[in-house]
Amino acid sequence: MIDPRREVANLMAEAALAWLDSLDADQRKVAVGPPPGAGGGAEDERTRWFYTPTDHGGLTFHQQRPTQHRLVMRLLASGLSEAGYTTIATVLGLENVLDRVEDFSVNWGRERTRDPGMYYLRIFGEPGGSQPWGWRFGGHHVSLNYLVVDGRVAATTPCFMGADPAASPLLGGATLRPLGAAEDLARELVHSLRPELAARAVLLARPPNDVVAGNSIRIDDRVLTRRELWRRGQHTPDRADHPATGLHGADRQALALTPTPKGVPGAELDTAQRELLRALLGTYLDRVPDGVSPLPRYDDPAALDAVHLAWAGSTMAGESHYYRLQGPRLLVEWTNFHRGANHAHAVWRDPETDFGGDVLAAHHTAHHAPQNRK
């Protein structure tokens, strides 16, 4: 029987090697990083991630030829479902839409601020070999992080997608909403709660400015500043030392991430609500290919029982809001706050094995630990 995690890893390796083979020596210096688990602080870079329009580390589209662009997209397709790939491709194109929304006027001291060419790819280690390897693709509103260990996909998180604008007009009265289902299903679910459950689900009357965990390497209750969302030395926003969420005091505590999830557990939802919850999970976990996605885990009623829904802000369409889904090996966060609630962030994380840290540690223990000899 074919192991789907091995099959996807093989496709990734083939695509990654084709891209690397197309690079010249100068490009490779930027495109390749140390293998996962390398010492000397190398992991600090592999696990440092962003979703802002800052330097994500790696080779940009601008530093490549069009034929190489196509190879980058082939690698993305290997790690994403068809719907996930389409969504990412749309998010990249939204940089042009955002430029128009801002009247082509934002200037951060570089040739172009809203720039679909400023997406970065870096390979860590040697694809397809016997040792762990991984890759990262990111730019404004995109962060994809993958690890392959022992020839199998070991980690696919953090996985971030955003959309600014979250809704844009199309011809014929249609609307482009790349992340629309993740918003609509969550709102339908919270609206369906009976009053006593709704009171427990809504933790705060106002939403945070951003996802609570931000771009933290490890998920905890530390308060991230706006400065930390940007590469050091790059453009940073006004009020850079303020909390990224904009929350202080009791409001911050109300939404703080805790080991015991806040909100309403799936165990207290009725059948129709549980179906909505599972469908909502699918808008995040089905970003990656079948066989790699952990969504089938939630076919187990006990797993769905443990997923908690929490909300902050308005429950009315078109108004600023936040929600999260939290349970064992799961943190999903959504916020739509800025630009009059037309700027969405949607991130999926695995608190136990973001970046594959536990799998990588187990691999090194099994293959590199000194052997006891009698």
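Everything discussed here concerns the structure shown above.
To keep things clear, this report deals only with the structure shown in the data block. (Residues numbered from 1 in each chain as written. Predicted model: local features only at pLDDT ≥ 70, side-chain atom pairs only at ≥ 80, totals over all residues. Heavy atoms only, no water.)

### Quick word on the packing of aromatic side chains
By convention here, two paired aromatic rings are described through the distance between centres and the angle between planes. Considering all chains together, one arrives at eight aromatic pairs under this definition. Where Trp108 meets Trp230, the ring centres are 5.5 Å apart and the plane angle is 75°; that geometry is what we call edge-to-face. Separated by 122 residues along the polypeptide, Trp108 in the loop between helix H5 (82–101) and strand S3 (120–124) and Trp230 in the loop between strand S10 (202–204) and helix H8 (249–255) bring together distant segments of the chain. Note on Trp108: relative accessible area 25%, which makes it partly exposed. Using a relative accessible area of 9% as the deciding quantity, one classes Trp230 as buried. Three or more aromatic residues joined by ring pairs make a cluster, and in this case those are Trp49, Tyr51 and Phe160. (Phe/Tyr/Trp six-rings, centres within 6.5 Å; stacked < 30°, edge-to-face > 60°. Helix = DSSP H or I, 4+ residues; strand = E, 2+ residues; numbered from the N terminus. Buried < 20%, exposed > 50% of the residue type's maximum accessible area, 1.4 Å probe, protein only.)

### Concerning H5
The periodicity of an α-helix, 3.6 residues per turn, causes residues three or four places apart in sequence to face the same way. Taking 1.5 Å per residue as the helical rise, H5 with its 20 residues ought to reach 28 Å, and the 28 Å between its terminal C-alpha atoms agrees with that figure. At Gly93, H5 is deflected by roughly 30°, the largest bend along its length. Where H5 terminates, the next one or two residues include Asp103, which has phi positive at roughly 60°. (Expected span 1.5 Å × (residues − 1). Bend = angle between axes of the 7 residues up to and from the residue.)

### Here we look at the side chain of Arg287
By the element assignment, Arg287 lies in the loop between helix H9 (271–285) and helix H10 (301–305). No salt bridge forms around the buried Arg287; measuring N to O, its nearest opposite-charge neighbour Asp286 is 9.8 Å away. At 2.8 Å, the side chain of Arg287 forms a polar contact with the backbone oxygen of Cys159. There is a polar contact of 3.1 Å between the side chain of Arg287 and the backbone oxygen of Ala346. Those residues in contact with Arg287, other than ones at most four positions away along the chain, are Gly79, Leu80, Ser81, Gly84, Cys159, Phe160, Met161, Ala346, Val347 and Trp348. (Lys, Arg positive; Asp, Glu negative; His and termini not counted. Salt bridge = Lys/Arg side-chain N within 4 Å of Asp/Glu carboxyl O. Polar contact = N/O pair within 3.5 Å; in protein donor to acceptor, adjacent residues only side chain to side chain. Contact = heavy atoms within 4.5 Å.)

Any functional reading would require information beyond the geometric quantities listed.
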